[in-house]
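# Observations on the three-dimensional arrangement
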Amino acid sequence: MALGIIWGLISVYAEFDGFSKDYIAPWGEIFIRLLKLIAIPLIFVSLVSGISNLKDISRLSKIGLKTIGLYIFSTVVAISIGLLLVNPLKPGAAFTDEYRSEFNQKYQESIGEKQMAASNLKDSGPLDFVVELVPDNIVGAAADNSRMLQLIFFAFLFGIAMVALPESKTGTVKKFIDGLNEIVLKIIDFIMKFAPFGVFALMVSLLVDYANQITELFVALGAYSGTVILGLMLMIFFVYPFMLWIFTGYKFRKFYKAIFPAQLLAFSTSSSAATLPVTMDRCEKKIGISKDICSFVLPVGATINMDGTSLYQGVAAVFIAQSYGIDLDLMQQLTIILTATLASIGAAAVPGAGIVMLVIVLESIGLPTEGIALILAVDRVLDMLRTAVNITGDSTIATIIAKSENKLIPPE
Ligand code: ASP
């Protein structure tokens, strides 16, 4: 990223921005295309495989429902905090109005179409939003990025049908889907290996595009990162301690001391899945959660509960809208809550999954996915921070569930 900034600044000031535009910028475009390419297979396969793995949940139905309910609750709280911060703080307003309308015009075609599709919903009856969730043609829904929610709906239906059938009938499909899931994760891994080059190219083309707004660009990115970080801090220092206090009476200093090594590992690996063994170990030995609760609640959390990720998606979507001079109405903000919740359930617990899923959130409210280029430069650091929040959320909820089941025995 730093190299990209340096090269970008040199291109602008030494005036060989034409070269950068022709030969470097396309690699950034390729990176964005790869992210969009993998978003649809990822959401379908990981949702189906996630839901079909929840067979155990029906067995442990009471704990299962409680766990999922709390996970969804904390996710919605996290996104709402993100939206409550980003709307008044307006990090995207750092760009001048002139520039914002210029950019709006540049992407007018795609913004126009998508916004129209989004606002068609507003103009229709109150239940049309629900009607729009149901696809009439699954191939059509998968081919049209603005119909992501329909694909999610189908994935849910598919997964639930799999759970409802005996294993003898679905075993082969399940193996197939699990295999596909592994393949999609590997592809994301490849894409992330290419990320440094993609981010380099995007930074260069961003600086060339924003040649007259370079200071504003840095101010806006700083304000955006600050907003995400502020939201994440609120989760760590306010929401989780409050939840722990209300539901368990557990001292939050003791709690944080216990899970600190897991938070550190999450921060350095940017993967809640890679951190899972340490999270489980700390929760069991240092917080005092029983083994059976740990081995059920934490793996489910690593898959479906990503408070940090969803908070960041809410902030990022509104920031991109602000930078393009697009106003989002209440309906669109509610759609962000819905899609970011579903996206965080569908997101894999690996580095960069949040940004792939952001494609879905942006598409669902008709924002240009090109906007991702704006925030990619700072994404890695934010990924590290949000992953630490993700595993803190999982551990908090595991503690609450353990307490409610009388399975929390804090070590002396
Ligand atoms: N890296 C995150 C995690 O593993 C997901 C993301 O936000 O990209 O929890």
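Let me sum up the structure you'll find in this document. Predicted model only: the values in this text are computed from it and were never measured.

Overall, the coordinates contain 0 disulfides when judged by the stated rule. With no disulfide of its own, Cys283 lies closest to Cys294 among cysteine sulfurs, the gap being 5.2 Å. For Cys283, a relative accessible area of 0% translates into the label buried. Its relative accessible area of 2% is what places Cys294 among the buried residues.

Counting along an α-helix, one turn takes 3.6 residues, and residues three or four places apart therefore face a common direction. The terminal C-alpha atoms of helix H9 (residues 148-164) lie 24 Å apart, and with 17 residues this matches the ideal 24 Å at 1.5 Å per residue to within 8%. Listed as buried for H9 are Met148, Leu149, Gln150, Leu151, Ile152, Ala155, Gly159 and Met162.

Taking 1.5 Å per residue, 34 residues should reach 50 Å; helix H11 (residues 214-247) reaches 48 Å between its end C-alpha atoms and fits that length. Where H11 bends most, the angle comes to about 35°, and this point is Met235.

Moving on, we come to the nonpolar core. Generally speaking, soluble globular proteins have nonpolar side chains that are buried together. Of all hydrophobic cores here, the largest spans 118 residues; its most connected members are Tyr224 and Ile375. Broken down by element, this core gets its largest block of residues, 13 residues, from H11. Those residues within four positions of Tyr224 in sequence are excluded, and the remaining contacts are Pro91, Tyr312, Val315, Ala316, Phe319, Ile375, Val378 and Leu382.

Here we come to the site of the ligand. With respect to spatial proximity, 14 residues lie near the ligand, and among them Ser272, Thr309, Gly354, Asp383 and Arg386 are the closest. One of the backbone N or O atoms of Val350 is found 3.2 Å from a nitrogen atom in the ligand. Elements with a minimum of two residues in the shell around the ligand: helix H17 (353-364) and helix H19 (379-404). Of all the elements, H19 adds the most residues to the shell around the ligand, at 4 residues.

Right, let's talk about the packing of aromatic side chains for a bit. If you walk through the whole model with that rule in mind, you get 11 aromatic pairs. Centroid distance Phe255 to Tyr256: 5.4 Å. Interplanar angle 75°. Geometry classified as edge-to-face. Of the residues examined, Phe255 reaches a relative accessible area of 0% and is grouped as buried. Taken together, the ring pairs connect Tyr250, Phe252, Phe255 and Tyr256 into an aromatic cluster.

Cut-offs applied
Residues numbered from 1 in each chain as written. Predicted model: local features only at pLDDT ≥ 70, side-chain atom pairs only at ≥ 80, totals over all residues. Heavy atoms only, no water. Disulfide = S-S within 2.5 Å. Buried < 20%, exposed > 50% of the residue type's maximum accessible area, 1.4 Å probe, protein only. Helix = DSSP H or I, 4+ residues; strand = E, 2+ residues; numbered from the N terminus. Expected span 1.5 Å × (residues − 1). Bend = angle between axes of the 7 residues up to and from the residue. Core = buried A, V, L, I, M, F, W, Y, C linked by side-chain atoms within 4.5 Å. Contact = heavy atoms within 4.5 Å. Near = heavy atom within 4 Å. Polar contact = N/O pair within 3.5 Å; in protein donor to acceptor, adjacent residues only side chain to side chain. Phe/Tyr/Trp six-rings, centres within 6.5 Å; stacked < 30°, edge-to-face > 60°.

So, to be careful, I would describe these as geometric facts and stop short of saying anything about function.
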